[in-house]
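The primary structure of each chain is shown beneath.
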Amino acid sequence: MFDKLMTRAMTALVFLASAAMTIMILIIVIDVAGREFFNSPLTGAYELVEFCMGLLCPVSVTYCIYKDQDICVDLLYQRFPVAIRKGIMVFANLFVLLVGAALLWQSWYLVRDILDMGASTALLSIAMWPVAVCVFLSFLIMIPIQLRFLLRSFKTVDEELGAGEEENAK
């Protein structure tokens, strides 16, 4: 059930991010074409791109964590003993979980502040609360995913330990 719920939530967020990316590309193309060919840039293009990036960035971070596609360097990691690798994995997953929790907490305050102030962009007066809500939802979805990775990191390295003991026995 957890996997199904996370898959649906990530599908919705990825759709939102894909739409934001597509809109952002179109805005940039229209802005550049208007500036170069007609000497008339798109009014508010910078704000619109900024708005789309606000939707795209937190979703991208959450999606990378969801797919377990973050950057890691195995060059040294594989040379460490299994006990040290376990410690590294637990520390890394715990660190990402704590940072995600701090970002979730701060994004909650961001949503509240933006709603209280009625913040909007300067030129086009686009309300900023959708970006803040997207940031909050991204980190809200990230927390249980990262918690699952933390719990799994204990088991994964234990399985490596079992495989390592079998190899040492041979």
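As the structure is a computational prediction, the values presented were derived from the model and not from experiment.

Peer 1: I would appreciate a short explanation of the packing of aromatic side chains in the present structure.
Peer 2: Each aromatic ring pair is specified by the distance between its two centres and by the angle formed by the two planes. Scanning all chains against the criterion turns up 4 aromatic pairs. Taking 6.1 Å as the distance between ring centres and 25° as the angle between the ring planes, the aromatic pair formed by Phe 91 and Phe 95 counts as stacked. Placement of both Phe 91 and Phe 95 in helix H4 (residues 82-117) is noted, with a separation of 4 residues, approximately one turn of the helix. According to the relative accessible area criterion, Phe 91 is exposed, its value standing at 58%. Aromatic pair Trp 105 and Tyr 109: ring centres 5.9 Å apart, planes at 80°, arrangement edge-to-face. A residue pair is termed a helical-turn pair when its members lie 3 or 4 positions apart in one helix, as Trp 105 and Tyr 109 do in helix H4 at 4 residues. Note on Tyr 109: relative accessible area 34%, which makes it partly exposed.

Peer 1: I tried to follow helix H1 (residues 2-37) on my own but got confused; where do I start?
Peer 2: The α-helix winds at 3.6 residues per turn, so residues separated by three or four positions along the chain end up facing the same way. Taking 1.5 Å of rise per residue, 36 residues should cover 52 Å, and H1 covers 52 Å from first to last C-alpha, within 8% of that figure. Turning to H1, its buried residues number three or more, namely Met 6, Met 10, Leu 13, Ala 17, Ala 20, Met 24, Ile 27, Asp 31 and Gly 34. Just beyond H1, the residue with positive phi is Asn 39, at close to 55°.

Peer 1: When you look at the packing of H1 against helix H2 (residues 45-66) in this model, what are you seeing that I'm missing?
Peer 2: The geometry of a pair of packed helices is captured by two quantities: the angle between their axes and the separation between those axes. One can describe the packing of H1 onto H2 by two numbers: an axis separation of 8 Å at closest approach and a directional angle of 150°. Between H1 and H2, the crossing angle belongs to the class labelled roughly antiparallel. For the pair H1 and H2, the sense of crossing is left-handed. Its residues assigned to classes, the contact of H1 with H2 comprises 22 nonpolar, 2 polar and 1 charged.

Peer 1: What is the right way to look at the environment of Gly 100 in this model?
Peer 2: Tracing the backbone through its elements, the reader meets Gly 100 in helix H4. With relative accessibility at 0%, the residue Gly 100 sits in the buried group. In this structure, the C-alpha to C-alpha distance between Gly 100 and Leu 140, residues 40 residues apart in sequence, is 8.4 Å. Sequence-distant contacts of Gly 100, defined by excluding residues within four places in its chain, comprise Phe 139, Met 142 and Ile 143.

Thresholds applied
Within each chain, residues carry numbers counting from 1 in the order of the written sequence. Two thresholds apply to this predicted model, a pLDDT of at least 70 for residue-level local features and 80 or more for giving and counting side-chain atom pairs, whereas whole-chain, interface and lining totals are computed over all residues. Side-chain metrics in this entry use all non-hydrogen atoms of the structure; hydrogen atoms and water are not considered. Pairs were defined over the aromatic rings of Phe, Tyr and Trp, the Trp ring being its six-membered one, requiring ring centres within 6.5 Å. Orientation was assigned from the angle between planes: stacked under 30 degrees, edge-to-face over 60, tilted for the rest. Only DSSP runs of H or I covering at least 4 residues are called helices, and only runs of E covering at least 2 are called strands; the numbering of each starts at the N terminus. Using a 1.4 Å probe on the protein chains alone, a residue whose accessible area is under 20% of its type maximum counts as buried, one over 50% counts as exposed, and one in between counts as partly exposed. To estimate the expected span of a helix, count its residues, drop one, and scale the result by 1.5 Å. The angle between two axes is taken between their N-to-C directions and runs from 0 to 180 degrees, where each axis is a line fitted to C-alpha atoms and a helix contributes only its stretch in contact. Should an angle fall under 35 degrees it is called roughly parallel, over 145 degrees roughly antiparallel, and 65 to 115 degrees roughly perpendicular, with every other angle called oblique. Each crossing is labelled by how the near helix is turned from the far one, with a counterclockwise turn of less than a right angle marking it left-handed and a clockwise turn marking it right-handed. All residues other than Ala, Val, Leu, Ile, Met, Phe, Trp, Tyr, Cys, Pro, Asp, Glu, Lys and Arg, Gly among them, are scored as polar; the first ten of these are nonpolar and the last four charged. Any two residues having at least one pair of non-hydrogen atoms within 4.5 Å are treated as being in contact.

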